[in-house]
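Per-entry structural report
Single-letter residue listing:
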Amino acid sequence: MPEVTKIIRAKEQTVESLLEAWGGESVIIRFDRPTGAWMVIAVHSTRLGPAAGGTRMKVYANLAAAVADALNLAEGMTYKCALAGLPHGGGKAVIAVPPRALDPDERRGLLLRYGSLIKQFGTVFDTGPDVGTSAADMDVIAETGAPYVFGCTAERGGAGDSGPATALGVFSGIEAACEHLFGSPDLAGRRVVVQGAGSVGGALVGLLRAAGARVRFSDADSLAVARFRDEEGVEYVAPEDVYDAECDIFAPCALGGVLNEETIPRLRARAVVGAANNQLRAPEDAERLRAREILYAPDFVVNIGGAVVLEGIESLGWTPAQVEERIRGVRATLKEIFAAAERDGLTTETVARRLAEERIESATPQTARGPSA
Ligand code: PPY
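The following paragraphs examine the structure supplied in this document.

Conventions we followed
- Residues numbered from 1 in each chain as written.
- Predicted model: local features only at pLDDT ≥ 70, side-chain atom pairs only at ≥ 80, totals over all residues.
- Heavy atoms only, no water.
- Helix = DSSP H or I, 4+ residues; strand = E, 2+ residues; numbered from the N terminus.
- Rg over C-alpha atoms; globule rule 2.2 N^0.38 Å.
- Buried < 20%, exposed > 50% of the residue type's maximum accessible area, 1.4 Å probe, protein only.
- Contact = heavy atoms within 4.5 Å.
- Areas by Shrake-Rupley, 256 points an atom, 1.4 Å probe, with all protein chains shown as cover.
- Patch = residues over 30% accessible without salt bridge, like charges linked within 9 Å, V, L, I, M, F, W, Y side chains within 5 Å.
- Salt bridge = Lys/Arg side-chain N within 4 Å of Asp/Glu carboxyl O.
- Near = heavy atom within 4 Å.
- Polar contact = N/O pair within 3.5 Å; in protein donor to acceptor, adjacent residues only side chain to side chain.
- Nonpolar A, V, L, I, M, F, W, Y, C, P; charged D, E, K, R; others polar.
- Pairing = 2+ DSSP bridges.
- Axes fitted to C-alpha atoms, helices over the stretch in contact; angles between N-to-C directions.
- Parallel < 35°, antiparallel > 145°, perpendicular 65-115°, else oblique.
- Left-handed = near helix turned anticlockwise from the far one by under 90°.
- Lys, Arg positive; Asp, Glu negative; His and termini not counted.
- Charge placed at Lys NZ, Arg CZ, Asp CG, Glu CD.

Let's talk about the overall build of the protein chain
- Along its length, the protein chain carries 14 helices and 12 strands.
- Radius of gyration (C-alpha) of the protein chain: 20 Å, near the 21 Å computed for a compact globule of 373 residues.
- Dimensions of the protein chain, computed from C-alpha atoms along their principal axes, come out at roughly 50 × 45 × 45 Å.
- When the 373 residues of the protein chain are sorted by exposure, 53% land in the buried category.
- Considering only contacts in the protein chain between residues 6 or more positions apart, those separated by 24 or more positions represent 65%.
- Of the roughly 15,700 Å² that the protein chain leaves accessible, carbon and sulfur atoms contribute 51%.

Structural data, given as structure tokens:
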């Protein structure tokens, strides 16, 4: 995404204005003096249960940009969990690391201090891997005795890489979009452009090809390009050309903020269905897509797979078949959202938020869960 624009937008905001404008419950901000990193834990809602959301680690322009990201992502998690039917609210944590590389010991120390912080925070926040963190990082965080750390390595009882589960939700969303646009969910011959061939986008490419779709992908990482273009023969689109590619479905599976006033006019896709969190850079972007008659599948409806597999397997005792069924439910949820948006002349984003809010309002408030075992 245009990183520069994101930085400019975030700079317009102060931490005070961001927190004042936010509708969530609580935020913890801590400065980690040994590394110079900032830890931000945002709990948006615990109305449906403990807040769930991954821990993201990356470099931000400043603290306000990190806080803005945590707040937006936590809100998205509230909607995501509500629409996925999970007994959870939304949260997210961001560790804003300094631009210099941390050596392995420094990183470990940082993760241990972060683990102690979420341990103090108690039972209202479930976390797991996210952009910039791995299963091995979750193992380190869990060493502190922090409860509710999901997505550890298999040796530590983790459910494994959630990428394929997330990809399945996107695939089901693409079926829903094709059903709405073309009257059939069959993907044979449909042209799909996947932005980012990482753990989610890469798995999605495989599912789409197996279904007979004509797939192209873009990725800035030469290893991903070598694997998918050179070894698997998938057609490659240069990252700078990805928005101009003519296709049925554009599937953003990398960064947030990719749908914005610069990119939307360029799109030559009939629909956008992808895994990236917070794809719309600004709320107006939903209307920009609608005005161009591009069907948009809201990200928090589509990318439920990670949360469903981590919470389902590791906490709720679901079988893999139950997890799969829940994730495939994305298709029915989206079908309802697409139909309501068309009927009421609203954006799909508005309809999806409304549906999530209705589910949250009508649910019985959860009592706090007891101390961890
Ligand atoms: C996401 O879907 O973006 C998540 O953060 C998934 C998640 C859910 C619960 C714990 C950790 C990560």
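Side note on a nonpolar patch on the surface
- Taken together, the side chains of Leu-19, Ile-29, Phe-31 and Trp-38 present a nonpolar region at the surface, about 290 Å² in accessible area.
- Position of Leu-19 relative to the elements: it lies in helix α2 (residues 15-21).

Regarding the site of the ligand
- Around the ligand there are 14 residues in total, and Gly-54, Met-77, Lys-80, Lys-92 and Gly-128 lie nearest to it.
- Gly-54 has a polar backbone atom sitting 2.8 Å from an oxygen atom of the ligand.
- In the model, an oxygen atom of the ligand is placed 3.3 Å from a nitrogen or oxygen of the Asn-277 side chain.
- Considering the ligand on its own, with 320 Å² of exposed area, one finds that the protein chains cover 94% of that surface.
- In terms of residues, the shell around the ligand owes the most to one element, helix α11 (residues 305-314), which gives three residues.
- Looking at side-chain class alone, the shell around the ligand contains four nonpolar, five polar and five charged residues.

Points about the pairing of strand β1 (residues 26-32)
- Here β1 runs beside strand β2 (residues 37-43); their pairing, made up of seven bridges, is antiparallel. Bridge pairing in β2 links Asp-32 to Ala-37.
- In sequence, β1 turns back onto β2 through a hairpin of four residues, with Gly-36 there showing a positive phi of about 80°.

Quick word on the packing of helix α4 (residues 104-121) against helix α5 (residues 135-143)
- In the contact formed by α4 and α5, the axes pass within 7 Å of each other and the chain directions differ by 55°. As the angle between them shows, α4 and α5 are arranged oblique. In terms of crossing hand, the pair formed by α4 and α5 is right-handed. Residue-level inspection shows Arg-107, Arg-108, Leu-111, Leu-112, Tyr-114, Gly-115 and Ile-118 of α4 in contact with α5, the latter providing Asp-137, Val-140, Ile-141 and Glu-143.

Examining a negative patch on the surface
- Judged by side-chain charge, Glu-336, Glu-357, Glu-358 and Glu-361 come together as a negatively charged surface patch.
- For the negative patch, the leading source of residues is helix α14 (residues 348-362), giving three residues.
- Here Glu-336 lies in helix α13 (residues 330-344).

By themselves, these observations are geometric and do not establish any function.
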